[in-house]
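Listed below are the residues making up each chain.
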Amino acid sequence: MSEQPPETADTPEQPNRQRRVVVVDDHAMFRSGVKHDIGPYVTIVGEGEDVATAVTAITRTTPDVVLLDVHLPGGGGVEVIKQVHATQPEVKFLAVSVSDAAEDVIGVIRAGARGYVTKSISAPELIEAIGRVADGDAVFSPRLAGFVLDAFSGAIDIASIDEDLDRLSQREREVLRLIARGYAYKEVAKELFISIKTVETHVSSVLRKLQLSNRHQLTRWATDRKLV
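I will try to describe carefully the structure that is included in this document. (Residues numbered from 1 in each chain as written. Predicted model: local features only at pLDDT ≥ 70, side-chain atom pairs only at ≥ 80, totals over all residues. Heavy atoms only, no water.)

### A look at the sheet that holds strand E6 (residues 139-140)
A sheet is described by the order of its strands in space; here six strands give the open sequence E2-E1-E3-E4-E5-E6, paired in parallel fashion. Here the strands that pair on one side only, and so sit at the sheet edges, are strand E2 (43-48) and E6. Looking at chain direction, strand E3 (residues 65-68) and strand E4 (residues 92-97) are connected through four bridges and run parallel. Across the sheet, Leu-68 pairs through a bridge with Ala-95, a residue of E4. Contacts from helix H1 (residues 28-38) reach strand E1 (20-24), E2, E3 and E4 within the one sheet, and its direction differs from that of E2 by about 175 degrees. Across the sheet, helix H5 (residues 123-134) is in contact with E1, E3, E4, strand E5 (115-118) and E6; its angle to E4 comes to roughly 155 degrees. (Pairing = 2+ DSSP bridges. Helix = DSSP H or I, 4+ residues; strand = E, 2+ residues; numbered from the N terminus. Contact = heavy atoms within 4.5 Å. Axes fitted to C-alpha atoms, helices over the stretch in contact; angles between N-to-C directions.)

In structure tokens, the structure reads:
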């Protein structure tokens, strides 16, 4: 058995060791990194790479906290929460995602997650967040907390976000976000590893589904909903 790393002012307290955690992400390297960084301080009881494997791991082990990526093959993090909470409502979820888009934050919180942090979080911060969520607190990265407050205050029209975005595929949402941020078609293609022609096809589809006429309207639509 490997020796536990010494505790310092920058490392979490040992009481978190009893927290049982499942790590869900479709990137094996990210799962490995998380397990390496937090493994000495929590108990990793399972992992998943898509909706099916995540639900199986969670329902089999009943962890205290699930670290959940938002975008997963098979239906996304929201689908994982729905399926698990149908039979095990006591399981707590902490979303850990590269996305800081309002629709992702609001969507997963509405589904039942207890918090949402971005993947730029440090290991000590993540372990502290796990402990807080396990104890029943809600945890958000500072900027993301604003989205939740805006949603409750009515500054963000949650219904319109869900209804409109439900018409778009995951790839269309990715293209929408990049275009709204000012990316050229060539830059979007490079970022998403797709052809410029495919980008054009997705943009045309997004405009049609949202009943918009041009890129300027698309950018304003996304900005009004705080998606960029």
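### Observations regarding the packing of aromatic side chains
The full count for this structure, using the stated rule, is zero aromatic pairs. Sitting above the plane of the Phe-30 ring, Lys-119 keeps its charged end 4.1 Å from the centroid. (Phe/Tyr/Trp six-rings, centres within 6.5 Å; stacked < 30°, edge-to-face > 60°. Lys NZ or Arg CZ within 6 Å of the ring centre and 35° of its normal.)

### Quick word on unusual backbone geometry
You will see that Phe-193, though not glycine, has its phi angle at about 60 degrees, which is positive. Tracing the backbone through its elements, the reader meets Phe-193 in the loop between helix H9 (185-192) and helix H10 (196-210).

### Concerning the pattern of salt bridges
By the definition in use, this model includes seven salt bridges. Lys-35 serves as the salt-bridge partner of Glu-47, at 2.4 Å between the closest nitrogen and oxygen. Of this pair, Glu-47 sits in strand E2 while Lys-35 sits in helix H1, and the two are twelve residues apart along the sequence. A residue is classified by how much of its surface remains accessible, and Lys-35, at 27% relative accessible area, is partly exposed. Measuring nitrogen to oxygen at the nearest pair gives 3.9 Å for the salt bridge that ties Asp-69 to Lys-119. (Salt bridge = Lys/Arg side-chain N within 4 Å of Asp/Glu carboxyl O. Buried < 20%, exposed > 50% of the residue type's maximum accessible area, 1.4 Å probe, protein only.)

### Looking at the pairing of E1
In the case of a regular strand, side chains alternate between the two sheet surfaces. In terms of residue burial, E1 counts as a mostly covered element, since four of its five residues are buried. In terms of strand pairing, E1 meets E2 through five bridges, oriented parallel. Counted as the bridge partner of Val-24 is Gly-48 from E2. With respect to chirality, the unit in which E1 leads through H1 into the neighbouring parallel E2 is right-handed. With four bridges connecting them, E1 and E3 associate as parallel partners. (Right-handed = clockwise from strand over helix to strand, strands pointing away.)

### Considering the side chain of Asp-69
Positionally, Asp-69 belongs in the loop between E3 and helix H3 (76-85). For Asp-69, the residues in contact, after removing those within four places along its chain, are Val-24, Asp-25, Asp-26, Gly-77, Val-96, Ser-97 and Lys-119.

Taken by themselves, the reported measurements are silent on function.
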